[in-house]
Amino acid sequence: MKGRNLIAEVSEALKNKSQIENLRTSMLCMRDKRDAAMAGYSEKELAELRNIRQASLSSLNESIKMLKDKLEENGCGFYFAKTAKDACEYVVNVAKTRGVKRIVKAKSMTTEEIELNKRLVAEGFEVIETDLGEWLVQLAGQKPSHLTAPAIHLSRYEISKLIEDRLGVRLPADPKEVTKFVRAFLREKFLTADMGITGGNFVVAETGSLVLVTNEGNGRLVTALPRIHVAIVGVEKLVRTWEDALKILNVLPKSATGQNMATYVTILNSGSETPSLDGGFVEREFHLVLLDNGRLSALQDTVMSEALKCIRCSACFNVCPTYRVLGGHVFGYIYSGPTGIPWTYISHGLENAASYAPLCISCGLCRETCPIGIDMPTMISEIKRRYGERNGYRWVDRRLAGYESLVKLASNTAPVSNFLLGTSMAKWILEKLIGIDRRVNLPKFSGKTLRELLDGVLVPRAESDRKVAYFADSMAYYIDVDVGLATVNVLQKNGFNVVMPPQKGSGMPSFLYGLLDDAKKLAEYNVKQMYEYVSKGYDIVSAEPTAIYCLRFVYPKLLGTTKEVQEVAERSYELFGYLLRMLESGMLDLSFKRYNGVKAVYHLPCHSRHLSKDRPVLKFLEMLGIDAEFIDYGCCGMGGTWGMKKGYEGYEISKAIAEPLVMAISKSGADFVVTECSLCKMQIERFTGKKVVHPILLLDKAYKGLPIP
Amino acid sequence: MKADSDVLKRFISELEKLGATAELLETRTQVVKHLSDFVREKGAKMVLAYGLERMLSSELSKAITSMGISYFDINDVDRRDLRKLLERADIGITGADLAVAETGSLIITSENDAARLLSCLPPIHVAILPRENILDSFLDLAEWLRKMQGTSKRTVSVITGPSRTADIELEIVLGVHGPCELHVIILGGALSEG
């Protein structure tokens, strides 16, 4: 992977405890502020944003032409740069021919993408970043580690040390003092710069306007003081009308930093007159460089074109579990974070994207938080697939993706396999042969599969028209069979006819590791079997959120939206969301025991977050009288089988991700932990030592009037 | 006029959340009195103004210079001195074209960058806004922007609170490269009861 040793980078990053702590606190804070600011958006409004982005991309060619005409009419320079090199060339040429010496820049990831600074410095120009975070990163000789908070990986202490080392100025480790110093330090640079370089958040084709969003005010000075302004903007930033632009502009700061509106929005369509150093006014030259660099060919790529809808708000960074412990230098190439993986693919190629794609654990939180609903997990899995097809898949990924045959074997030989898998010799062999970390305690296999145990239980009730086809998924089928039995029992108690169609595992591990052909085969099989029942009026229910996540979101992506796939997706329900609907329509049997005085912690699995905004499990725990504390650090770090991978490929990162959750659970004084995902259960049990239960076990016990563990 | 006063209240409350201040004043005399007190309290040595109503600017000039503080209207100074004055001004006073209540934003257009720099360079920015120019929602600006950007080369600045950053450990600090303080004077009509 192009000279990158990801394992070494990860092990280095995990040693940096203060950076992990900073990132963790900052990302949680940004996530919560963002969620609060976005609360007013309805599903309908969000769908509209998605449509605007889609329509903007569809009309790109017209918009480019319109923009060019407008800008030329206004006397501005317009250049369409096919490649990064072309764009740099153009800027260098403008600077050279106009006798430029000093260049001030406002924050722009697009200029990072084309590595413009490197080129300008090589040509002898003085280039100064003016966004505080970017300036610090430039001073440190680093790359930005976050889209909207480029220096978030540095602590205040590191920053004051950095300024002392590089500039010989001693400042207290206080953001206010540093800011005051930088204001004065950079003011002089602004006043004496010949050229200003910015990116652009949008370009509005109908009036040929550049829209620039900043908070510090550097964007205003960069575009108002120097005699030349060059804006470099990715072609995907073009929108057609002001109506479209304002709707996106309205959501951008909310989703980016939780601000209702960014402090400064500068809108310009030409260079204007500026008071010059030597008196009077000069007319500023304004050049707009529209950058392709892979974007237009990505537009033809049915999977990757989705990334072009990104408005670069960075909300996906805040929730990404691996980014939150590793930071953007490891979880990135030049672009970082979840959206950075497909963006690296588009602008820097497959190899570079694949160099850190294995850090994505497919929790899907990026997709869930994205205001445009961009499906990053699918693009990332596709990148893993394209890389795997070309260079071969990793052995451990293949084994983990094909786990089902191993699980079947272990289940068939259960008492023996359970004994063997518990031995340190077996753990050593699994680590060496497969790549499963020897510290992982594998679950105990049931001697009988769920289907065998349900023999004689799934009897049809002639009188009922409530019909459910139960999708168990592997864990409930081979291991946590009690969850499967409880699910069937609770549904039957509520008058359902329950059937269990032939089925295979959901295929999530194959999807996660980019073995998409395997995932597709599983998807085809499961859809075919489920559709049999859907077409007869059955709803599909699973107690495993990941299974429903696959049926609803992953299968349509893998198989395309045929009638069968679509109907199966629409009729698939996560168990507690389904029970909540019944409760709300007064159809749920409420004759169950209450457990007043019992204390529990609830952990919300990532895939459940996608399925229901209502947090149905919490409502049921409340009804059961259980005092449930909701601890919300986001993903637990397991990522299905990912957290089982040995050492710095999985286990160590997974453990670091789980840390705050584990600490909070240990401190909580709860009797047990509740979560509806079988893999979150494994993760929480292995690191807290506390009992973790599926909520259906509690409800089942409550119907039977039995005490709970 | 109830809706009107709701919009006004919303605007003021959003501004205050941002760390800006708002003052509702009825008459020119009140504005002159308020601003000259303000300039004195801030210890300013030089005040620069642009885009104010003619009479207001000349009365302000009288009141402020009588306290021994310099006051210039950009329209009245020698163009060759402009740059120096902009770099040195302690307070910039500008008009504002429009405002948006739901975000607490000011919309200021400028025919050249001397006018634009007046709300960028000095540490304190005062904007004067007619009450009737406050729009309800941000999306209401579309038609206006299409016309403004379609027919003129005026730069449009949307200003929402004082300059800020959270680049170091997410701690919010005001006054990075733009003004540390933003004060808005809203002209005409007090808040009605209820």
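What you see is a predicted model, and the numbers here were worked out from it, not measured in a lab. (Residues numbered from 1 in each chain as written. Chains lettered and ligands numbered in written order. Predicted model: local features only at pLDDT ≥ 70, side-chain atom pairs only at ≥ 80, totals over all residues. Heavy atoms only, no water.)

When you line up the elements, Asn16 of chain A lands in the loop between helix H1 (6–15) and helix H2 (17–38). C-alpha of Asn16 of chain A to C-alpha of Val235 of chain A: the two residues are 219 residues apart in sequence and 38 Å apart in space. (Helix = DSSP H or I, 4+ residues; strand = E, 2+ residues; numbered from the N terminus.)

Each partner contributes to the interface: chain B provides 56 residues, whereas chain A provides 72 residues. For the chain B and chain A pair, buried surface summed over both sides reaches about 5500 Å², with 55% attributable to carbon and sulfur atoms. Taken together, the links from chain B to chain A amount to seven salt bridges. Notably, a salt bridge pairs Asp113 of chain B with Arg284 of chain A, separated by 2.7 Å at the nearest N-O pair. Of the residues belonging to the side of chain B that touches chain A, the class tally is 24 nonpolar, 16 polar and 16 charged. Direction of pairing for strand E9 (residues 264–268) of chain A relative to strand E9 (residues 155–159) of chain B: antiparallel, over a ladder of four bridges. If you follow Val265 of chain A over to E9 of chain B, its bridge partner there is Val158 of chain B. (Contact = heavy atoms within 4.5 Å. Buried area = accessible area lost by both parts, 1.4 Å probe. Salt bridge = Lys/Arg side-chain N within 4 Å of Asp/Glu carboxyl O. Nonpolar A, V, L, I, M, F, W, Y, C, P; charged D, E, K, R; others polar. Pairing = 2+ DSSP bridges.)

Our next topic: unusual backbone geometry. In the Ramachandran plot, Glu115 of chain A falls in the positive-phi region, its phi being about 50 degrees despite a non-glycine side chain. Within the secondary structure, Glu115 of chain A sits in the loop between helix H6 (109–113) and helix H7 (116–122).

Right, let's get into the sheet that holds strand E2 (residues 46–50) of chain B. Residue and element names in this part refer to chain B. Read across the open sheet, the six strands follow the order E1-E12-E7-E4-E2-E3; overall the sheet is parallel. Here the strands that pair on one side only, and so sit at the sheet edges, are strand E1 (21–25) and strand E3 (70–73). Taken pair by pair, the neighbouring strands of this sheet meet at an average axis angle of 20 degrees, ignoring direction. The pairing of E2 with strand E4 (residues 91–95) spans four bridges and is parallel. In the sheet register, Tyr50 faces E4, and the bridge partner there is Thr94. Along the sheet face, helix H3 (residues 54–65) touches E2, E3, E4 and strand E7 (124–130) and points at about 165 degrees away from the line of E3. (Axes fitted to C-alpha atoms, helices over the stretch in contact; angles between N-to-C directions.)

Residues and elements named next belong to chain A. Over its 16 residues, helix H19 (residues 376–391) runs 22 Å from end to end, which matches the ideal 22 Å to within 8%, given 1.5 Å per residue. Counting buried positions along H19 gives twelve out of 16 residues, so the element sits mostly inside the fold. Gly392 sits one or two residues past H19 and shows a positive phi near 90 degrees. (Expected span 1.5 Å × (residues − 1). Buried < 20%, exposed > 50% of the residue type's maximum accessible area, 1.4 Å probe, protein only.)

Another point: the pattern of salt bridges. Residue and element names in this part refer to chain B. Tallying each qualifying case throughout the model produces 66 salt bridges over all chains. Measuring nitrogen to oxygen at the nearest pair gives 3.4 Å for the salt bridge that ties Glu14 to Arg10. Of this pair, Glu14 and Arg10 both sit in helix H1 (residues 2–17), four residues apart, roughly one helical turn. For Glu14, a relative accessible area of 7% corresponds to the buried category.

The geometry of an aromatic ring pair comes down to the distance between the two centres and the angle between the two planes. All names here are of chain A. Following the criterion strictly, the structure yields 16 aromatic pairs over all chains and no others. Note on Tyr323 and Phe331: the rings are 6.3 Å apart at their centroids and 80 degrees apart in plane angle, and the pair reads as edge-to-face. For the pair formed by Tyr323 and Phe331, the shared burial category is buried. Summarising the aromatic geometry, the rings of Phe331 and Tyr356 are spaced 5.6 Å apart at their centres and angled 70 degrees between planes, so their arrangement reads as edge-to-face. Taken together, the residues Phe331 in the loop between helix H15 (321–326) and helix H16 (337–348) and Tyr356 in the loop between helix H17 (350–354) and helix H18 (365–369) connect sequence positions 25 residues apart. Tyr356 carries the same exposure label as Phe331, and that label is buried. The ring of Phe496 is capped by Arg466, whose NZ or CZ atom sits 5.8 Å from the centre of that ring. (Phe/Tyr/Trp six-rings, centres within 6.5 Å; stacked < 30°, edge-to-face > 60°. Lys NZ or Arg CZ within 6 Å of the ring centre and 35° of its normal.)

Here we take up the packing of H16 of chain A against H19 of chain A. All names here are of chain A. With their axes 9 Å apart at the nearest point, H16 and H19 run at an angle of 45 degrees to one another. Put simply, H16 runs oblique to H19. Of the two elements, H16 crosses H19, and the hand of that crossing is left-handed. Residue-level contacts link Pro338, Thr339, Ile341, Pro342 and Tyr345 of H16 to Met376, Met379, Ile380, Ile383 and Arg386 of H19. In terms of residue class, the contact of H16 with H19 is made up of eight nonpolar, one polar and one charged. (Parallel < 35°, antiparallel > 145°, perpendicular 65-115°, else oblique. Left-handed = near helix turned anticlockwise from the far one by under 90°.)

Another point: the side chain of Thr94 of chain B. Residues and elements named next belong to chain B. The residue Thr94 is located in strand E4 in this model. Among the polar contacts listed, one links the side chain of Thr94 to the side chain of His125, at a separation of 3.0 Å. In contact with Thr94, not counting residues within four places along its chain, are Tyr50, Leu52, Ile108, Leu118, Ser119, His125, Val126, Ala127 and Ile128. (Polar contact = N/O pair within 3.5 Å; in protein donor to acceptor, adjacent residues only side chain to side chain.)

Under the domain assignment used here, chain A contains domain 1 (1–40 + 318–392), domain 2 (41–291), domain 3 (448–584) and domain 4 (599–704). For domain 2 of chain A versus domain 3 of chain A, the separation of C-alpha centres amounts to 50 Å. (Domains from an automatic or database assignment.)

Look at helix H12 (residues 242–257) of chain A against helix H6 (residues 142–151) of chain B: their axes get within 9 Å of each other, and the N-to-C directions meet at 120 degrees. Relative to H6 of chain B, the element H12 of chain A is oriented oblique. The crossing of H12 of chain A and H6 of chain B is right-handed. Each of Trp242, Glu243 and Leu246 of chain A in H12 of chain A lies in contact with H6 of chain B, whose residues at this interface are Ala142, Leu145, Arg146 and Gln149 of chain B. Taken together, the residues of the contact of H12 of chain A with H6 of chain B break down into four nonpolar, one polar and two charged.

Glancing now at the environment of Lys65 of chain A. Mapped onto the elements, Lys65 of chain A comes out in helix H4 (residues 60–73). Measuring from C-alpha to C-alpha, the distance between Lys65 of chain A and Ala205 of chain A comes to 8.5 Å, with 140 residues separating the pair along the chain.

Residue and element names in this part refer to chain A. Reading across the sheet, the six strands line up as E1-E12-E7-E4-E2-E3 and stay open at both edges, with parallel pairing between neighbours. Since the sheet does not close on itself, it has two edges, and those belong to strand E1 (77–81) and strand E3 (126–129), each with one partner. Neighbour-to-neighbour, the strand axes of this sheet turn through a mean angle of 20 degrees, independent of strand direction. Pairing analysis gives three bridges linking strand E2 (residues 102–105) to strand E4 (residues 195–198), with the strands arranged parallel. Each residue of the ladder has a partner; that of Val104, found in E4, is Gly196.

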